[in-house]
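The lines below spell out each chain.
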Amino acid sequence: MDIYAIFGNPVDHSISPRLHNIAFYDLNIDAVYTRVCLNDGSKLIETFKSLNLCGANITVPHKEIALLQCDELDKIAKAIGSVNTIIKRSNKIIGYNTDAPGFLLSIKSFENLKKVLIIGAGGTAKAISYILKTKNIQVDIVNRSKEKLAKFSDFNCFTWDDFKISKYDLVINTTSAGLKEDILPVPKELLEPTIKQSRYAYDVIYNKQTPFLNLCKKNEITHKDGLDMLLYQAVLAFNIFNDGKLNNEKVEKSMRKVLN
Ligand code: NDP
């Protein structure tokens, strides 16, 4: 039986084992998926090999350190600088990033996107900004502090101090603001007039009606949370685990049962 896992810290909250195990079962694949809480990210591949895993997903805080330990990287992982999926092929460890294409699948109902505002400048912002740029969508970034914006030299970047309110097709919250505390990711006097002019809004946080989503609802802006991003990154990772031979829609149908 093939064994897969998710590596992170913490990892006990992750629904990845449920998503992957239901798909293994429904698609009659003899494999199981578990979780590994890893303190020292530099030991990721060593641990992966010692457990004799065939593939794995990587979550916070090990996505960047995992990339440094792969033998080969796919184009997207290389460009973004982080890995959320690894597989062993001919004794080599290959790293992928399915967060970015997963996000893109999750916004397929959002039409005609030309100009997007990303709030936040962390790892998720990096993945989303990269994949939107490949679709020739203009991306602006606004972040609380200046330091992390240095990694976004291809984009128009603002802090709260120099951000100018303007019209966007889509506004995306990629910060963790709203996850534990009921706070907005950008001061309300900047965010609300921006949201009012926007056609769509998206929060990468899932399973929580955040203050950001509440503001979108109040202003009657079409919005969604990050649950589909989580689902689609898993669907794409599952197909990588299975050599790309599976129909994504079948995998999605199976995994969606966990979310419903
Ligand atoms: P990072 O730590 O890499 O980046 C966090 C960013 O959020 C930074 O730009 C930081 O700003 C900003 N930020 C943090 N707290 C606040 C605050 N209180 N107010 C304003 N800005 C704030 O995080 P990630 O990119 O890895 O993750 C971000 C979120 O995305 C998490 O909530 C995570 O759960 C979610 N996520 C969801 C996924 C999905 O599948 N739906 C996939 C991956 C992540 P500063 O630079 O000033 O510190």
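To be clear, the structure that these remarks concern was listed above.
Quantities reported herein were computed from a predicted structural model and do not represent experimental measurements.

Peer 1: Tell me what's going on with the packing of helix 1 (residues 16-26) against helix 10 (residues 248-259), and back it up with residues and numbers.
Peer 2: For the pair helix 1 and helix 10, interaxial distance at closest approach is 8 Å and the crossing angle is 130°. Overall, the two elements helix 1 and helix 10 adopt an arrangement that is oblique. Handedness of the helix 1/helix 10 crossing: right-handed. Each of Arg18, Leu19, His20, Ile22, Ala23 and Asp26 in helix 1 lies in contact with helix 10, whose residues at this interface are Val251, Ser254, Met255, Lys257, Val258 and Leu259.

Peer 1: Describe the packing of aromatic side chains, and please don't skip the residues or the numbers.
Peer 2: In total, this model carries seven aromatic pairs according to the counting rule given. Taking 5.0 Å as the distance between ring centres and 75° as the angle between the ring planes, the aromatic pair formed by phenylalanine 103 and tyrosine 202 counts as edge-to-face. Taken together, the positions of phenylalanine 103 in helix 5 (residues 99-106) and tyrosine 202 in strand 11 (residues 200-203) put the pair 99 residues apart, joining distant regions of the chain. Exposure remark for phenylalanine 103: the relative accessible area of 0% places this residue in the buried category. Taking relative accessible area as the criterion, tyrosine 202 reaches 0% and is therefore assigned buried. Connected via pairs of aromatic rings, a cluster forms that spans Tyr4, Phe24, Phe238 and Phe241. Residue placement shows lysine 115 over the ring face of tyrosine 168; its charged tip is 4.6 Å from the ring centre. Seen from the ring of phenylalanine 152, lysine 126 lies directly overhead, with NZ or CZ sitting 5.3 Å from the centre.

Peer 1: I'd like a rundown of the layout of surface pockets, residues and numbers included.
Peer 2: Roughly 170 Å³ of volume is contained in the second largest pocket. Lining the second largest pocket are Ala79, Ile80, Lys126, Ser129, Tyr130, Lys133, Thr134, Lys151, Phe152, Ser153, Asp154 and Phe155. Taken together, the elements giving at least two residues each to the lining of the second largest pocket come down to helix 4 (75-80) and helix 6 (123-134). No other element matches helix 6, which puts five residues into the lining of the second largest pocket. When grouped by side-chain class, the residues that make up the lining of the second largest pocket number five nonpolar, three polar and four charged.

The rules behind the values
Residues numbered from 1 in each chain as written. Predicted model: local features only at pLDDT ≥ 70, side-chain atom pairs only at ≥ 80, totals over all residues. Heavy atoms only, no water. Axes fitted to C-alpha atoms, helices over the stretch in contact; angles between N-to-C directions. Helix = DSSP H or I, 4+ residues; strand = E, 2+ residues; numbered from the N terminus. Parallel < 35°, antiparallel > 145°, perpendicular 65-115°, else oblique. Left-handed = near helix turned anticlockwise from the far one by under 90°. Contact = heavy atoms within 4.5 Å. Phe/Tyr/Trp six-rings, centres within 6.5 Å; stacked < 30°, edge-to-face > 60°. Buried < 20%, exposed > 50% of the residue type's maximum accessible area, 1.4 Å probe, protein only. Lys NZ or Arg CZ within 6 Å of the ring centre and 35° of its normal. 1 Å grid on protein atoms, 1.4 Å probe; cavity = no way out; pocket = protein on both sides within 12 Å on 5 of 7 lines; lining within 4 Å. Points joined across faces, edges and corners; volume = space filled by probe spheres on them. Nonpolar A, V, L, I, M, F, W, Y, C, P; charged D, E, K, R; others polar.

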